[in-house]
Amino acid sequence: MLALGFTEPTTAAITAVTMAGGVEIAGRLTLPQLAPLVRILVIVLICVIVVVLLHRGYGPVLAVLIAVGTAGVAGEIARRFAGINYRLPRLVF
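Residues numbered from 1 in each chain as written. Predicted model: local features only at pLDDT ≥ 70, side-chain atom pairs only at ≥ 80, totals over all residues. Heavy atoms only, no water.

### Here we look at the overall build of the protein
Then, in step 1: Looking only at helices and strands, the protein features three helices and zero strands.
Then, in step 2: Sequence-ordered secondary structure for the protein, helices as α and strands as β, is α-α-α.
Then, in step 3: Projected onto its principal axes, the C-alpha positions of the protein cover 45 × 30 × 25 Å.
Then, in step 4: For the protein, buried positions account for 26% of its 93 residues.
Then, in step 5: Long-range contacts, defined here as pairs at least 24 residues apart, represent 49% of the contacts in the protein between residues at least 6 apart.
Then, in step 6: Summed over its atoms, the accessible surface of the protein is roughly 6,500 Å², and 74% of this surface lies on carbon and sulfur atoms. (Helix = DSSP H or I, 4+ residues; strand = E, 2+ residues; numbered from the N terminus. Buried < 20%, exposed > 50% of the residue type's maximum accessible area, 1.4 Å probe, protein only. Contact = heavy atoms within 4.5 Å. Areas by Shrake-Rupley, 256 points an atom, 1.4 Å probe, with all protein chains shown as cover.)

Structure (structure tokens):
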């Protein structure tokens, strides 16, 4: 991203938000089993998509929203095809 002309703080922010979204999506895909290879692959794939979108001229916010949103929807579709129903996080007060 630095080679594309983004400043260091912008690059760090884009990376942090992309990683946070990728971790959330990868966790939803693999829980309750631990599958580190799948989780890492999902995060790397989302980061690559963000960089490709930035290279094609999309803004940072839009690129992250497109990549993380599309990955989230694709993850939920994959869960449905696998027969895993929708689950909400358990909130305990």
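### A closer look at the nonpolar core
Then, in step 1: Core analysis: the biggest nonpolar cluster contains twelve residues, these being I14, I25, A26, V42, I46, V50, L53, L54, A63, V64, A67 and A71.
Then, in step 2: Going through the elements one at a time, α1 (8-30), α2 (36-55) and α3 (60-81) are the ones with two or more residues in this core.
Then, in step 3: Per-element tally for this core: the top contributor is α2, with five residues.
Then, in step 4: If we skip the residues at most four places from it in the chain, A63 touches V50, L53, L54 and Y58. (Core = buried A, V, L, I, M, F, W, Y, C linked by side-chain atoms within 4.5 Å.)

### What to know about the packing of α2 against α3
Then, in step 1: Interaxial distance between α2 and α3 falls to 9 Å at its minimum, and their mutual angle equals 145 degrees. When the axes of α2 and α3 are compared, the crossing they make is right-handed. Of the residues in α3, those in contact with I46, I49, V50, L53 and L54 of α2 are P60, A63, V64, I66, A67, V68 and A71.
Then, in step 2: Here the residues of the contact of α2 with α3 sort into twelve nonpolar, no polar and no charged. (Axes fitted to C-alpha atoms, helices over the stretch in contact; angles between N-to-C directions. Left-handed = near helix turned anticlockwise from the far one by under 90°. Nonpolar A, V, L, I, M, F, W, Y, C, P; charged D, E, K, R; others polar.)

### Considering a nonpolar patch on the surface
Then, in step 1: A cluster of nonpolar side chains, I40, V44, V48 and V52, forms an exposed patch at the surface whose accessible area comes to about 320 Å².
Then, in step 2: Residue placement: V52 occurs in helix α2.
Then, in step 3: On the basis of relative accessibility, which here comes to 37%, the residue V52 falls in the partly exposed class. (Patch = residues over 30% accessible without salt bridge, like charges linked within 9 Å, V, L, I, M, F, W, Y side chains within 5 Å. Salt bridge = Lys/Arg side-chain N within 4 Å of Asp/Glu carboxyl O.)

### Considering α2
Then, in step 1: The end-to-end C-alpha separation of α2 is 29 Å, in line with the 28 Å expected for 20 residues at 1.5 Å each.
Then, in step 2: On its buried face, α2 is in contact with α1 and α3.
Then, in step 3: After α2 finishes, the residue G57 shows a positive phi value of roughly 105 degrees. (Expected span 1.5 Å × (residues − 1).)

### Here we look at the side chain of T11
Then, in step 1: Counting through the fold element by element, T11 comes out in helix α1.
Then, in step 2: What makes T11 buried here is its relative accessible area of 12%.
Then, in step 3: When near neighbours in sequence (up to four residues on either side) are disregarded, T11 contacts M1, L2 and F6.

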